[in-house]
There are 2 protein chains.
Amino acid sequence: MQLAVSTVIFALREPDRRAVRRASAEDSRPILSLPLVCRVRDPYDGYWALPGGPLRAYEGLTEAAARTLEETTGLRSAYLEQLYAFGDPDRSMLDTTDTTHTPGAADTRAAGTPERTASDRERVVSIVYWALVGQEEAARARVSQNVRWLAADTLPTLAFDHNLIVDYALWRLRTKVEYSRIAHAFLGETFTLKELREVHELVLDRTLDPANFRRQVEASDAVVPTDSFRTGGRHRPARLYRYNTAIAPVDLGPLATTTTAPTTPEPTTPAMRSSR
Amino acid sequence: MQLAVSTVIFALREPDRRAVRRASAEDSRPILSLPLVCRVRDPYDGYWALPGGPLRAYEGLTEAAARTLEETTGLRSAYLEQLYAFGDPDRSMLDTTDTTHTPGAADTRAAGTPERTASDRERVVSIVYWALVGQEEAARARVSQNVRWLAADTLPTLAFDHNLIVDYALWRLRTKVEYSRIAHAFLGETFTLKELREVHELVLDRTLDPANFRRQVEASDAVVPTDSFRTGGRHRPARLYRYNTAIAPVDLGPLATTTTAPTTPEPTTPAMRSSR
DNA sequence: CCAAAAGTGTTTGTCCTACACCCATGA
DNA sequence: TCATGGGTGTAGGACAAACACTTTTGG
């Protein structure tokens, strides 16, 4: 039995030069992408897989996720949260029959995938994290021959059950963007409300009303205005905002104190309240 | 390194005869309780702990949770979901200095706690599940000398980090009751809306408006009316309802297909929608 | 001046809350 | 018949969606 920690790393990246031809030329908005590692061992040899590796003796789970994130991309994430533990006995031997995986995978493989060192077919329980990386941070991601960033919604067949895992992480990201305040993790230190809205639009894949978005964000206290403005467009400059660190970013309940988040009680949604 | 699976099992149980004296006599509503196992080994010897045990070679994680649940209580749960994986390196050696744990614990211990068979102080990663058990099911729970049901909100100091785990499970239960439809799992096959409302009130610890609760539940399609009525009170009989199995009970996203839930797309919350 | 995006105001509809009110039953 | 809870109606408030409108810049 092996215990591994893997991470689904999301970032908004400029579209690849090769892939940009498909669209109508000037649609060059960032694309929700994630880095994958090409396997060089027998189970799923040549397939892409999530970055990860075995848990070391004296490190915590979150620590291990941050470490593998740094090892594969050279980056630190602005947001890191546990996703789910996958441990079905047969998840090492799923359908290899599907051959729709990227053909270029075979020639990019190299030595040193950190995942799985023991004998094959051994059972692996994976504790999976998901992470968000900022734009500037993602721009200077380490390039490597067997690490590649792929678009999240047009993935090939991945190794093991990693397609299911990415789908679940995507679902969690989209769900959480709607009710929590994590979209800023995709941006830099300061940002305009238009930029923040575009992150929401890219993640949720639909347009949002600028006026209503502005009001909703301002009412949530998620951001605080600065005195700076973003100029350069041929229009009125937009005010820059900064993420409000005084409020807990997410709802982890009692677990919020054990992570990096400051302790702040979550506002309860009023619903059918009465006396008592 | 050990990998264990533990489960936080919730049920609404009649208050204990001994504990009923504290209240003003006729407040005998059910109490949110969970079964705990008394440890008989050195780390936290005599303390109460969550039921669980090592993951077996050929069983899935959910399978292991259901098995330990059956082994400690003899029951099957109406709801079972993964909670979190706890794996900090130092969580086997937390504060033993606190001695506020129940004094009667020492004399109820017996041989055969299923948890942890290897040498002490070894690192343990626990994948924790949480479960809901129906009222009738909970009433015929197996009694044992080193298994006892304790009230969820007045727990003593538990072994390891199990207090934190129970707090988190409680928070998840309360959060999920508000937006999902899991409260029926505490009840039997059929139930009145008053009974379902009382479950919500007990879990959330506040009263709810009966009229609004009725409308909200009926609008959510969570239950379907039957032709039977609950008679006996000196008032108009109440219609019995049944849980609507045609709709997925919770939001597990892509993971819903891997569990027992039928495949039904989750209705998205409309918010700031526009064209595209 | 004009185009374009920043930012504000306003209407409309929907949902929740509180609470008044009728209905049906057992004693 | 009356007390009790089952079940319905409805006015008021909060909030989101849609969209008209004003403001401020670059060309």
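Each value, and the rule that gives it
Residues numbered from 1 in each chain as written. Chains lettered and ligands numbered in written order. Predicted model: local features only at pLDDT ≥ 70, side-chain atom pairs only at ≥ 80, totals over all residues. Heavy atoms only, no water. Salt bridge = Lys/Arg side-chain N within 4 Å of Asp/Glu carboxyl O. Helix = DSSP H or I, 4+ residues; strand = E, 2+ residues; numbered from the N terminus. Buried < 20%, exposed > 50% of the residue type's maximum accessible area, 1.4 Å probe, protein only. Axes fitted to C-alpha atoms, helices over the stretch in contact; angles between N-to-C directions. Parallel < 35°, antiparallel > 145°, perpendicular 65-115°, else oblique. Contact = heavy atoms within 4.5 Å. Nonpolar A, V, L, I, M, F, W, Y, C, P; charged D, E, K, R; others polar. Left-handed = near helix turned anticlockwise from the far one by under 90°. Buried area = accessible area lost by both parts, 1.4 Å probe. Least-squares fit on C-alpha atoms with pLDDT ≥ 70 in both. Core = buried A, V, L, I, M, F, W, Y, C linked by side-chain atoms within 4.5 Å. Expected span 1.5 Å × (residues − 1). Pairing = 2+ DSSP bridges. Phe/Tyr/Trp six-rings, centres within 6.5 Å; stacked < 30°, edge-to-face > 60°.

Let us now look at the pattern of salt bridges. Residue and element names in this part refer to chain A. Overall, the coordinates contain 28 salt bridges over all chains when judged by the stated rule. Close ionic contact of E201 with R197 constitutes a salt bridge, the shortest N to O distance being 3.1 Å. On the criterion of helical spacing, the pair formed by E201 and R197 is a turn pair, its members being four residues apart in helix α4 (residues 193-204). Taking the relative accessible area as the measure of exposure, R197 reaches 13% and is therefore buried. Salt-bridge contacts for R214 lead to E218; the nearest nitrogen and oxygen are separated by 3.7 Å. Residue R214 and its partner E218 are located together in helix α5 (residues 210-219), separated by four residues, close to a single helical turn. Using a relative accessible area of 40% as the deciding quantity, one classes R214 as partly exposed. Each of the salt bridges in this network shares a partner with another, and the network as a whole consists of R56, E59, R67 and E71.

Residue and element names in this part refer to chain B. In the contact formed by helix α4 (residues 193-204) and helix α5 (residues 210-219), the axes pass within 10 Å of each other and the chain directions differ by 100°. Relative to α5, the element α4 is oriented roughly perpendicular. Together, L193, L196, R197 and H200 of α4 and P210, F213, R214, V217 and E218 of α5 make up the contact between the two elements. Partitioned by chemical class, the residues of the contact of α4 with α5 number five nonpolar, one polar and three charged.

All names here are of chain B. In contact at an axis separation of 9 Å, helix α3 (residues 162-179) and α4 are set at 145° when each is read in the N-to-C sense. Handedness of the crossing formed by α3 with α4: left-handed. Across the interface between the two elements, L173, R174, V177 and E178 from α3 touch H200, V203 and L204 from α4.

Here we come to the interface of chain B and chain A. Each partner contributes residues to the interface: chain B has 48 residues there, and chain A has 48 residues. For the pair chain B and chain A, the two sides together bury roughly 4000 Å², of which 62% comes from carbon and sulfur. Viewed at the interface, chain A and chain B are joined by zero salt bridges. Secondary-structure elements contributing two or more residues to the side of chain B that touches chain A are β5 (79-86), β6 (124-132), α3 and α5 of chain B. Element by element, the count of residues in the side of chain B that touches chain A is highest for α3 of chain B, at five residues. Of the residues assigned to the side of chain B that touches chain A, the class counts are 23 nonpolar, 11 polar and 14 charged.

The next thing to look at is the relation of the copies chain B and chain A. Take chain B, turn it by 180°, move it 0.0 Å along the axis, and it overlays chain A with an RMSD of 0.1 Å. Here the transformation between the copies is reduced to the relation of a two-fold axis.

Right, let's talk about unusual backbone geometry for a bit. A positive phi is found at Y44 of chain B, a non-glycine position, where the angle reads about 65°. Here Y44 of chain B lies in the loop between β2 (31-38) and β3 (48-49).

On to the nonpolar core, then. F10 and L173 of chain A together with F10, W130 and L173 of chain B are the most contacted members of the largest nonpolar core, which has 116 residues in total. Not counting residues within four places of it along the chain, the set of residues in contact with F10 of chain B comprises L32, S33, W130, A131, L132, V133, A152, A169, L170, L173 and F186 of chain B.

Before going further, it helps to examine α3 of chain B. Residue pairs three or four apart in sequence face the same way in an α-helix, which turns once every 3.6 residues. Residues and elements named next belong to chain B. Across its 18 residues, α3 extends 26 Å between first and last C-alpha, which sits within 8% of the 26 Å expected from 1.5 Å per residue. For α3, the full list of buried residues reads H162, I165, V166, Y168, A169, L170, R172, L173, K176 and V177. Tucked into the core, α3 has its buried residues touching β1 (2-13), β2, β3, β5, β6 and α4.

On to the pairing of strand β5 (residues 79-86) of chain A. Residues and elements named next belong to chain A. Among the eight residues that make up β5, seven are buried, leaving the element largely enclosed by the rest of the structure. Note: β5 against strand β6 (residues 124-132), seven bridges, orientation antiparallel. By the bridge assignment for β6, A85 is matched with I127.

As for its position among the elements, K176 of chain A is in helix α3 (residues 162-179). If sequence neighbours within four positions are ignored, K176 of chain A has contacts with Y79, E81, W130, I182, V250 and D251 of chain A.

Moving on, we get to the environment of E189 of chain A. Here E189 of chain A is to be found in the loop between α3 and β8 (190-192). What E189 of chain A contacts, discounting residues up to four positions off in sequence, is Y241, R242 and Y243 of chain A.

Residue and element names in this part refer to chain B. Reading across from one edge, β8-β10-β9 is the order of the three strands in this open sheet, with antiparallel pairing throughout. Of all strands in the sheet, those with a lone pairing partner are β8 (190-192) and β9 (223-230), marking the two edges. With direction set aside, neighbouring strand axes in the sheet form an average angle of 40°. As judged from the three bridges shared by β8 and strand β10 (residues 238-243), these two strands associate in the antiparallel manner. Looking across to β10, one finds that T192 is bridged to L240.

A few words now on the sheet that holds β8 of chain A. All names here are of chain A. If you trace the three strands from one edge of the open sheet to the other, you get β8-β10-β9, paired in antiparallel fashion. A strand with exactly one partner marks an edge of an open sheet, and here the two such strands are β8 and β9 (223-230). Averaged over all pairs of adjacent strands, the angle between their axes in this sheet comes to 40°, without regard to strand direction. Where α4 meets the sheet, it contacts β8, β9 and β10 (238-243), and its direction lies at approximately 85° from that of β8.

Time to look at the packing of aromatic side chains. Any pair of aromatic rings gets described here by the distance separating the centres and the angle formed by the planes. All names here are of chain A. Here the structure, examined in full by the defined rule, presents 12 aromatic pairs over all chains. Plain terms: the ring middles of Y44 and Y47 are 5.6 Å apart, the flat faces sit at 90° to each other, and that makes the pair edge-to-face. Using a relative accessible area of 4% as the deciding quantity, one classes Y44 as buried. Judged by its relative accessible area of 6%, Y47 falls in the buried class. Here the aromatic residues Y84, F86, Y168 and W171 are joined through ring pairs into a cluster of three or more.

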